Amino acid sequence: MPKGGLHLKNIILADKAGFCFGVRRAVDEAINIKNKYNKDIYTLGPLIHNNDVVKFLEKNNIFPIKLDEINKLSKNDVIIIRSHGISPKVYDMLKATVDTVIDATCPYVSNIQQKAKKYFDLGYGIVIVGDFNHPEVEGINGWCDNKAFISKDGLDLKNLPTKVCVLSQTTEKQENFEKVLNIVVKSCKEIVAFNTICSATEVRQKAAEEISKKVDAMIVIGGKNSSNTTKLYEICKANCENTIHVENSGEIPETILNSKNIVNIGVTAGASTPEWIIKEAFIKMNEENNQGENNQEVNEQLAFMQQNDKQIVVGETLKGEVISVTEKGIFLNVGYKVDAILPENEVLKDADVKLEDMFKVGDEVTVKIISRRNEDGYIVLSTVEIGREKGYSELKEAFEKGESINVIVKECVKGGLISSYKGVRVFIPASHVELFHIDDLNSYIGKEIGIKIIELVEGRKNSRIVGSRKELLRVDKDKLDEVVWERLNKGDIVEGEVKRLADFGAFVGIDGIDGLLHVSEISWARVNKPSDVLKVSDKIKVLILDIDKENKKISLSMKALSEDPWTNVDIKYPVESIVLCKVLRFASFGAFVELEPGVDALVHVSEISHKRIDKPSEGLTIGQLVKAKILDVNKETKKIGLSIKEANEL
Ligand code: SF4
């Protein structure tokens, strides 16, 4: 039986009731600062619009101070700017008064301030939809030289310039923003509008609106001077006549709990209402209701609120809702009591992509916790780590399947290249960068290259991933080579490039495959070593003398492409004629002379001079040009006999 003859109630808590991210951030900041400095701390105006919280803060030596009282502060005092933010002029005043000014302006509000400044500087008139005297609006107005047009419904807007930028107080009602916009559209030519109503406000308003349509009574908990709580009250009141605005559990009227006509009671709370005040209200209603054990729904909802206090576990992957996009990063609600930040350097993105182009308020993002708290008290998140995990498993799969992947080369180190695949480090040894040796690898930095993973070792200390571009190139090359081998035939004349020189010949590249040009096949003339006539990179024409497709061997000839100088030697050099020739080398029996490249002849030692000489060097020198008489020509044996002394007899 319900206590005091009260009637059983269903108590339904609205989604997202209570502290918003900006308010929680400001309160946490104040407490952190208090703990850090361990002395009285001041806030410019009440930190939040909730008397119970303000009293709680005062008990903890955090005191509100008015702007016209700041001259009472001394240089070493600490003052906190609350989530509403302030104008640049007021900020300068604070800085001139105390050394330590802590800015706890909600990032949402900072965003509006920046927009006001930007468009004002661009020559736009700034229209703010909101309450003229609200501190947040006063602060924003300060960012456009206090020249904003401020209106609740647009009806009082006069003398607007032709181009305007429309912004909204974060806690304004959506319908008011639309009303103002409708009026502005009619009187201005160029309009830039940003619906800057905070999603925290919006979601609270929507949830409260929905519940208020279904219940017999609504209890709206929050400070009487809280604008967002007042708006919640107005929204609920429009749907539910029995809507009551209370500051705490003590103000919940017995009439609601006593009424037999009121069965379902909805509860919502403003963004400046802490969880403990909501809990107290629940507990009170639950006790009155005498259903502590039976009202399962209430217990579940309280459990949900408790759950916000659960342990934050590093490494946990979870989904979060974007509540603000700033230059520093993204703020998200990840279902914990504390809000979270996804810093820009932890966002998996291309360098030139802006955060505001990737995220918008309300987006759901999968993130990983990488720190339980940063120095500002936020949980720190990463999508880079999620990408890295995904990247690692893709690398592993590529390794197991022998598939190729594309990596970005990040730096050049001793021994090779460091590359990255979705944030995972992959080492490429220098010998695996190309099919041939490369001296300087710096030109690869910043490039995207395909590789094959050739080693993947998992382990805490010695994990490593090694990639090879060469392996991939080799596969491609093998395919290309197959085509070339198929195409080439003995007797073909092809273009080639000298790749490497050895004493016994030159290696010539033909469409990617190498053939050997033996030293004896370079020229009809005598060639001591290939480097005497060829150099690396020379482009030459060669004839395929032989091709062994099975063993992948090709022998080439350059000299075969010119006529054998012995072909008509008997016609070119008739017996008895006198010829000018060059002394090439000596033998014990005579001197070899060159008639033309590839055609050598012998002057026997007895045919060198009328004088008696024992060896050719007594009558000749190497390189000397001499006249000689042709004694005999044998085309078959490629022998020509000459006489110098007979030529001189003429
Ligand atoms: S209501 Fe929105 S803008 Fe205002 S403090 Fe909370 S999060 Fe920030």
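So, here is what we can say about the structure in this document. (Residues numbered from 1 in each chain as written. Predicted model: local features only at pLDDT ≥ 70, side-chain atom pairs only at ≥ 80, totals over all residues. Heavy atoms only, no water.)

Let's talk about the sheet that holds strand β6 (residues 125–129)
Argument step 1. Taken together, four strands build an open sheet; the order of strands is β7-β6-β8-β9 and the sheet is parallel. Bordering the open sheet on either side are β7 (149–151) and β9 (190–193), each of which pairs with just one other strand. Averaged over all adjacent pairs, the angle separating strand axes in this sheet is 20°, with direction ignored.
Argument step 2. One ladder, built from five bridges, connects β6 with strand β8 (residues 163–168); its direction is parallel. (Pairing = 2+ DSSP bridges. Helix = DSSP H or I, 4+ residues; strand = E, 2+ residues; numbered from the N terminus. Axes fitted to C-alpha atoms, helices over the stretch in contact; angles between N-to-C directions.)

Details of the nonpolar core
Argument step 1. With 29 residues, the main nonpolar core has Leu47, Ile48 and Ile80 as its most contacted residues.
Argument step 2. For this core, the leading source of residues is helix α1 (residues 21–37), giving six residues.
Argument step 3. Core analysis: the second largest hydrophobic core is formed by 22 residues, Tyr573, Leu620, Val626 and Ile644 among them. (Core = buried A, V, L, I, M, F, W, Y, C linked by side-chain atoms within 4.5 Å. Buried < 20%, exposed > 50% of the residue type's maximum accessible area, 1.4 Å probe, protein only.)

So, the packing of aromatic side chains
The geometry of an aromatic ring pair is captured by two quantities: the separation of the ring centres and the angle between the planes.
Argument step 1. Enumeration over the complete set of coordinates arrives at six aromatic pairs.
Argument step 2. Judged by centre distance (6.4 Å) and plane angle (55°), the rings of Phe56 and Trp276 are tilted. Taken together, the residues span a long stretch of sequence, with Phe56 in helix α2 (residues 51–59) and Trp276 in helix α10 (residues 275–289) at a distance of 220 residues.
Argument step 3. A residue is classified by how much of its surface remains accessible, and Trp276, at 38% relative accessible area, is partly exposed.
Argument step 4. An angle of 85° between the planes, with centres 6.1 Å apart, marks the rings of Phe589 and Phe592 as edge-to-face.
Argument step 5. Among the aromatic residues, those joined into a cluster by ring pairs are Tyr119, Tyr124 and Phe194.
Argument step 6. For the cation-ring pair, Lys115 lies above Phe194, with the distance from its terminal atom to the ring centre recorded as 4.8 Å.
Argument step 7. Here Arg585 stacks its cationic end above the ring of Phe592, 4.5 Å away from the centre of that ring. (Phe/Tyr/Trp six-rings, centres within 6.5 Å; stacked < 30°, edge-to-face > 60°. Lys NZ or Arg CZ within 6 Å of the ring centre and 35° of its normal.)

Focus on the site of the ligand
Argument step 1. Residues in contact with the ligand, as listed here, are Cys20, Phe21, Gly22, Val23, Ser83, Cys106, Tyr108, Thr170, Cys198 and Thr201.
Argument step 2. By residue number, the principal contributor to the shell around the ligand is α1, which donates three residues.
Argument step 3. Residues that form the shell around the ligand fall into these classes: six nonpolar, four polar and no charged. (Near = heavy atom within 4 Å. Nonpolar A, V, L, I, M, F, W, Y, C, P; charged D, E, K, R; others polar.)

A closer look at the environment of Lys401
Argument step 1. Checked against the element boundaries, Lys401 lands in helix α13 (residues 384–401).
Argument step 2. Between the alpha carbons of Lys401 and Lys189 there is a distance of 61 Å; along the sequence they are 212 residues apart.

Some points on helix α8 (residues 227–239)
Argument step 1. Along its 13 residues, α8 runs 19 Å from first to last C-alpha, staying within 8% of the 18 Å computed at 1.5 Å per residue.
Argument step 2. Three or more residues of α8 are buried, namely Ser227, Asn228, Thr229, Lys231, Leu232, Ile235 and Cys236.
Argument step 3. The inward-facing, buried residues of α8 abut α7 (199–214), β10 (217–221), β11 (243–246) and β12 (264–269). (Expected span 1.5 Å × (residues − 1). Contact = heavy atoms within 4.5 Å.)

Notes on the pairing of strand β17 (residues 379–382)
Argument step 1. With burial as the criterion, each face of β17 is covered, one bearing Ile379 and Leu381 and the other bearing Val380 and Ser382.
Argument step 2. Relative to β17, strand β15 (residues 340–343) runs parallel, the two sharing two bridges. Across the sheet, Ala340 pairs through a bridge with Ile379, a residue of β17.
Argument step 3. Across three bridges, strand β16 (residues 364–371) lies against β17 in antiparallel orientation. Bridge pairing links Ser371 to Val380 in β17.

With respect to unusual backbone geometry
Argument step 1. For Asn38, which is not a glycine, the phi torsion comes out positive at approximately 50°.
Argument step 2. Positionally, Asn38 belongs in the loop between α1 and β2 (41–44).
Argument step 3. Non-glycine residue Asp511 carries a positive phi angle of around 50°.
Argument step 4. Residue Asp511 is classed as partly exposed on the basis of its relative accessible area, which comes to 48%.

So, helix α14 (residues 469–487)
Argument step 1. The terminal C-alpha atoms of α14 lie 27 Å apart, and with 19 residues this matches the ideal 27 Å at 1.5 Å per residue to within 8%.
Argument step 2. All of the buried residues in α14 are Arg469, Lys470, Leu472, Asp481, Val484 and Trp485.
Argument step 3. In this structure Ser468 caps α14, since a side-chain oxygen of it lies 3.3 Å from the backbone nitrogen of Lys470. (Polar contact = N/O pair within 3.5 Å; in protein donor to acceptor, adjacent residues only side chain to side chain.)

Some thoughts on the side chain of Glu521
Argument step 1. Locating Glu521 in the fold gives a position in the loop between β25 (513–518) and β26 (539–548).
Argument step 2. For Glu521, which is buried and forms no salt bridge, the nearest opposite charge comes from Lys559, at a distance of 4.5 Å.
Argument step 3. Polar contacts involving the side chain of Glu521 include one to the side chain of Ser557, which spans 2.6 Å. (Lys, Arg positive; Asp, Glu negative; His and termini not counted. Salt bridge = Lys/Arg side-chain N within 4 Å of Asp/Glu carboxyl O.)

As for the pairing of strand β18 (residues 404–413)
Argument step 1. Sheet topology places β18 next to strand β21 (residues 448–457); five bridges connect them, and they run antiparallel. Bridge pairing in β21 links Val407 to Ile449.
Argument step 2. As paired elements, β18 and strand β19 (residues 416–421) share five bridges and run antiparallel to each other. Bridged to Cys412 within β19 is Leu417.
Argument step 3. Taking the residues that link successive antiparallel strands as the turn, the β18-β19 hairpin has two residues, and the phi of Gly415 there is positive, at about 95°.

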